[in-house]
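# Structural overview for review
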Amino acid sequence: MATRLYLSNDTSARAAGAAALAEAWADRSDIQLIRTSSRGAFFLEPMVERDGADGRIAWFNVSPQDLPAILSGKGGTPVQTIPFLARQTRWTFANFGETEPLALDEYQARGGLSGLEAAFRLTPDAIIEELRVSQLRGRGGAAFPVWNKWKVAQQAKGERKYVVANADEGDAGTYCDRMILEGDPFRLLEGMLICARAIGAGRGYVYCRQEYPAAAATLRAAIHKADEAELLELDGEPFPIEVVEGAGSYVCGEETALLESLEGKRGVVRARPPYPAQSGLYGCPTIVSNVLTFATIPHILSRGGAWHASLGTEQSRGTIALQLGGRVKHPGLVEVPFGLSLRQVLEEFGGGMAPGSRFKAVQVGGPLGSLFPATGLDLPICYDAFAKAGAVLGHGGIVVYDHETDMVDLARHFMAFTADESCGKCTPCRIGSVRGREILERIQAGSGTMDDLRLLDDLGETMKLASLCALGGRAPYPVLTAIEHFPAEFRNKLSAVHRQS
Amino acid sequence: MKQILNQVRSEPANILKSLLALQEQFGHVPGQTVPVIAKMLGVTTAEVAGVLSYYPDLRTSAPGRHVIRVCMGESCYANGCGRVLRELQERLRADVHETTPGGRFTLDTMSCAGNCAVSPTVIIDRDLYGRVLPSQVDRILEKYT
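Overview of the structure. Keep in mind that this is a model prediction, so the values were computed, not measured.

About the thresholds
Residues numbered from 1 in each chain as written. Chains lettered and ligands numbered in written order. Predicted model: local features only at pLDDT ≥ 70, side-chain atom pairs only at ≥ 80, totals over all residues. Heavy atoms only, no water. Helix = DSSP H or I, 4+ residues; strand = E, 2+ residues; numbered from the N terminus. Rg over C-alpha atoms; globule rule 2.2 N^0.38 Å. Buried < 20%, exposed > 50% of the residue type's maximum accessible area, 1.4 Å probe, protein only. Contact = heavy atoms within 4.5 Å. Areas by Shrake-Rupley, 256 points an atom, 1.4 Å probe, with all protein chains shown as cover. Lys, Arg positive; Asp, Glu negative; His and termini not counted. Charge placed at Lys NZ, Arg CZ, Asp CG, Glu CD. Arc of directions from axis to C-beta. Buried area = accessible area lost by both parts, 1.4 Å probe. Salt bridge = Lys/Arg side-chain N within 4 Å of Asp/Glu carboxyl O. Polar contact = N/O pair within 3.5 Å; in protein donor to acceptor, adjacent residues only side chain to side chain. Nonpolar A, V, L, I, M, F, W, Y, C, P; charged D, E, K, R; others polar. Axes fitted to C-alpha atoms, helices over the stretch in contact; angles between N-to-C directions. Parallel < 35°, antiparallel > 145°, perpendicular 65-115°, else oblique. Left-handed = near helix turned anticlockwise from the far one by under 90°. Core = buried A, V, L, I, M, F, W, Y, C linked by side-chain atoms within 4.5 Å.

### So, the overall build of chain A
Looking only at helices and strands, chain A features 21 helices and 16 strands. The globule rule puts the C-alpha radius of gyration for 501 residues at 23 Å, and the 23 Å found for chain A is close to it. Considered along the principal axes of its C-alpha atoms, chain A spans approximately 75 × 60 × 40 Å. Taking all 501 residues of chain A together, 60% fall into the buried category. Looking at chain A alone, contacts between residues at least 24 apart form 71% of all its contacts between residues at least 6 apart. Per element, the accessible surface of chain A, about 18700 Å² overall, is 50% carbon and sulfur. Once the 51 positive and 59 negative side-chain charges of chain A are each reduced to a mean point, those two points are 4 Å apart.

### Brief notes about helix H6 (residues 124-134) of chain A
In an α-helix, one full turn covers 3.6 residues, which means residues spaced three or four apart are oriented alike. Residue and element names in this part refer to chain A. Buried residues of H6: Ile127, Ile128, Leu131 and Ser134, and no others. With its buried residues spanning 115° around the axis, H6 presents them on a single face. Of the residues trailing H6, glutamine 135 is marked for its positive phi of about 60°.

### Remarks on the interface of chain A and chain B
On the chain B side, the residues contacting the 58 residues of chain A number 36 residues. Ranking the residues of chain A by area buried against chain B places A:Ala247, A:Arg266 and A:His413 at the top, with a combined share of 17%. There are one salt bridge connecting chain A and chain B. Counting every contact that joins chain A to chain B gives 21 residue pairs in polar contact (both at pLDDT 80 or more). Listing elements by their share of the side of chain A that touches chain B, those giving two or more residues are helix H1 (11-24), strand E10 (241-245), helix H11 (255-262), strand E12 (319-326), strand E16 (397-402) and helix H16 (407-421) of chain A. Element by element, the count of residues in the side of chain A that touches chain B is highest for H16(A), at six residues. Each residue belonging to the side of chain A that touches chain B can be placed in one class, and the counts come to 24 nonpolar, 19 polar and 15 charged.

### Some details on the packing of helix H17 (residues 427-444) of chain A against helix H18 (residues 450-466) of chain A
All names here are of chain A. At a closest axis distance of 10 Å, the pairing of H17 and H18 adopts a crossing angle of 160°. With respect to each other, H17 and H18 are oriented roughly antiparallel. The chirality of how H17 crosses H18 is left-handed. Across the interface between the two elements, Pro428, Cys429, Gly432, Ser433, Arg435, Gly436, Ile439, Leu440, Arg442 and Ile443 from H17 touch Asp452, Leu453, Leu455, Leu456, Leu459, Thr462, Met463 and Ala466 from H18. Along the lines of polarity and charge, the residues of the contact of H17 with H18 split into 11 nonpolar, four polar and three charged.

### Focus: the side chain of A:Thr293
Topologically, A:Thr293 is positioned in helix H12 (residues 291-303). Within the structure, the side chain of A:Thr293 is placed 2.9 Å from the backbone nitrogen of A:Arg139, a separation counted as a polar contact.

### Observations regarding the nonpolar core
In this structure, A:Phe490, B:Leu19, B:Ile68 and B:Leu88 are the most contacted members of the largest nonpolar core, which totals 95 residues. Among the elements that take part in this core, H16(A) stands out by supplying seven residues, more than any other. Dropping the residues within four chain positions of it, B:Leu19 is found in contact with B:Val29, B:Ile37, B:Val48, B:Val51, B:Leu52 and B:Leu58. In this structure, A:Ala16, A:Phe93, A:Leu104 and A:Ala196 belong to the second largest nonpolar core, which totals 70 residues.

Written out as structure tokens, the structure is:
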């Protein structure tokens, strides 16, 4: 009989070699290859598993010629003993590495759909009350209380109401939405259905960025399966969900720009209020939340809001999906309750620095997030502590930079990104980012002055205070924190006559 | 063109969806087709031109046979995507947004592929390469003619 082996079909696992493995073993009749989601321990990918007496046994960084050892059972590690995984508290990502993403029966066998069943037993008001008790805050960046937004949409009058999943995960360094879309798509659909029932919506959309082709394809297949199983219905009415792909614009991750793009227009930011919960898609009440937020909701309904509120810190309840990247030894996905310090996360999960590199700075929250030097590593990972430090958790991306990083070039890189991605609607962002990039290029070229550093500071303040959305408003943070923590690097690049002033 | 636009036609007209469908079929959306598209969708030419010029993925001229995109996201940056990009520029003798003579490759960058845990990332057409070293660039390019 063929031996069952498990191999991830996740985009990053495939890029790390899983695709080549599957191809090399395609003709082997002695193995049955099950394509699962990834456990997110990407430093171990491609990882091949087989069933053991006490759970799965894994082989790490596998190449095609390792197959005889795997088949004979030599050298495997029990998955439950891998420290990177054993130290995590996985709820939203509990299925990862275990199930086939499109196997609805496996999803159900592991507790899937029980949140939706619970929602069907409750009134819309009671669902929102459960969300209030849970203290769930949106995982997208603004961290707004989810129940509050739902309440507004529920009470708003509209010809139609919509539920929109924001799958435009544009922050560099983040990939947990992609993993959910590819690895556990029914969890997103379940969360969207619960929301639709609570607010009385009749239609759902998933706005997926063009950079995630595998995610869009998996999701479409999941919607088809859910439809066949007659799951896309609410109170006897159909609840169609459509996947719409974007076209490479970062700012479309902002909820109002996303709605413009969903309507087929230029994805520029709308002035708020009104908020989408009052007037969103085609002017109708619309809940826009990101994939991770929707994926968190099924457990809250099945286990109760109080359970969720029992995890994490006072202002940040539940778990956070951290995505480790950059020069860390163990890059990958980490789900833990809020409250661990950055240092703990980098040491206990990240495994310290990549071989041969020394720590210089860490950035949390994507290209608009602040930079921290080593002295900032004791900051606890939760919304309140970050807000107090003038920083953001964003979507939980953590990128570590090593001693080779040139901070002036990195600052220019950030400003150039904002200049490229600005939607152009407001002047501080459109003009400010271009001017910011020019100043940094001048410093890079060795002709900058002390006045240029002061100008960057001034420009940053204007962008922070006067921009229409977070792209312009947050863009100065990585640049100004780079200057704050690594002033010598900037001063040393100024033209010779200005270095001393 | 009419057939494609009829297929994606929804009320109200969705310009982006229409342009993406045309690009999927023809590889790009030439600027001179804008008035025709506008008329068929029942919107102004300014609206169509505005959408066409706004989104980085919409092209008004045909790309090379293979499109190479180098991810410039932070994790890729920290792991040396700049060196990979320079290697590609030298090998191809082409700058970013340029197509090589003969039309074999178009070189582009992207802001993040979401492949941060196995960075740096290079995408060629639909193939994704992770943990790319500059020394591997030659061998990867060989696969594409």
